[in-house]
Amino acid sequence: ILLKSSLVKASSSTLIGSLPCNSGSKSDGLANWNAPDAINKIWSVLIGPCLVLTVVPSINGKRSLCTPSLLTSPVALLFLPQILSMIVVGIAWRWIYAPKGPLNSALDFFGLEQVSRAWLGSFDYALPFVGLIGTWVMFGFTMILFIAGVQKIPSELYDAAKVDGAGAISEFFNVTLPNLKGEIVVALVFTVTLALRNFDLIYITTGGGPGTSTMIPSMFIYKKAFQMGQVGSASSLGIMLTLMIFT
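The paragraphs below set out a description of the structure included in this document. Note that the coordinates shown come from a computational prediction; the quantities given were computed from them, not determined experimentally.

1. Some remarks on helix H11 (residues 181-197)
End to end, H11 covers 24 Å across 17 residues, agreeing with the expected 24 Å (1.5 Å per residue, within 8%). Of all the positions in H11, only Glu183, Ile184, Ala187, Thr191, Leu194, Ala195 and Leu196 are classed as buried.

Printed below as a string of C-alpha cells:
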C-alpha cells in the first residue's frame, strides 16, 4: 500500500508539473503535450537503443539453444550481471573501454594499434559498444529463459522430426522455434523495457554523448528538466515514456 501510494504521489506530481497552471501560461502548458521537436526526438532516440538492446540479447538467447554444453555450464556465473548494480556495471565497462583500458591494451598487445580508439568517445562506435554492455547484462536472463523453454518441449516432437528426416537446422526452425513463441515474447518485452527505462548505464558511461549518439529517452528527459530547465515539457515526456513502458 505504501509503495502504491508513493507511485501515485510521484505520478501526480509529474502530471501537475506538466499542466498549464504550473507552466507559466495556458499555451505553454498545453504545448508540453504537443511539441513536435520533443516527440520526434523521443522516437529518434528510441529506435537505436531498442534495436541494440532488444535484438542482440534475443539472438544470443536463441543461439544458446544450439549449444547444449551451456546446460551443464555454470549458469549462475552467466546470470551474475543480472544481480549487479547497473552503476557497478557502467563503471567497470567504462574502464574496459577507456583509451588506455584493458580492451585497447589487448589490441595493442596483438599488434592491432590501428584498431584501438576511444570507444565511448566515437560517434560511430559509442552506441553499439554500449549496446554490447546491455547484451552482456541480459544474456544470462535470456539464456535461462530459452533453456527452460527448450526443456518443456516434448521429446516426441524431435523424434517425429528425425523420423521424417529432419536435420538439426530443420528441427530448430520447425520444432524448437515455434514452441518458444512465449519465451521470445517475454524476452522482447523485458529487453524493450530495459531499453526504455535505462538511465544509469548511459549516465555513467557516456552521458548521452558524444553529441546525441547515445541519447536515450530517460537521458533526454533528464537533460530537458535539469539542464535546460524545461520541467513542464520534461514532465509531459516522462508521463508519455511511462505509458509506453506500461503498455
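2. Concerning the side chain of Asn198
As for its placement among the helices and strands, Asn198 is situated in the loop between H11 and helix H12 (200-205). For Asn198, the residues in contact, after removing those within four places along its chain, are Ile216 and Ser218.

3. Regarding the environment of Leu84
Structurally, the position occupied by Leu84 is in the loop between helix H5 (80-83) and helix H6 (86-96). Through-space distance from the C-alpha of Leu84 to that of Val137 is 8.8 Å; in sequence the pair is 53 residues apart. Ignoring any residue separated from it by four or fewer positions in sequence, one finds Leu84 in contact with Val89 and Trp136.

4. What to know about the nonpolar core
Formed by 31 residues in total, the largest nonpolar core has its most connected members in Met86, Val89, Tyr97 and Ile133. For this core, the elements supplying multiple residues, two or more each, are H6, helix H8 (126-151), H11, H12, helix H13 (217-226) and helix H14 (231-246). Looking at which element gives the most residues to this core, the answer is H8, with 8 residues. Setting aside its immediate chain neighbours within four residues, Met86 contacts Val137, Leu194, Asp200 and Leu201.

5. Regarding the environment of Val192
Within the secondary structure, Val192 is located in helix H11. Distance from Val192 to Ile245, taken between C-alpha atoms, is 8.3 Å for residues 53 residues apart in sequence.

6. Side note on unusual backbone geometry
Following Gly209, the chain continues into Pro210 via a peptide bond in cis, with omega recorded as -5°. With respect to the helices, strands and loops of the structure, Pro210 is situated in the loop between H12 and H13.

Cut-offs and rules
Residues numbered from 1 in each chain as written. Predicted model: local features only at pLDDT ≥ 70, side-chain atom pairs only at ≥ 80, totals over all residues. Heavy atoms only, no water. Helix = DSSP H or I, 4+ residues; strand = E, 2+ residues; numbered from the N terminus. Expected span 1.5 Å × (residues − 1). Buried < 20%, exposed > 50% of the residue type's maximum accessible area, 1.4 Å probe, protein only. Contact = heavy atoms within 4.5 Å. Core = buried A, V, L, I, M, F, W, Y, C linked by side-chain atoms within 4.5 Å.

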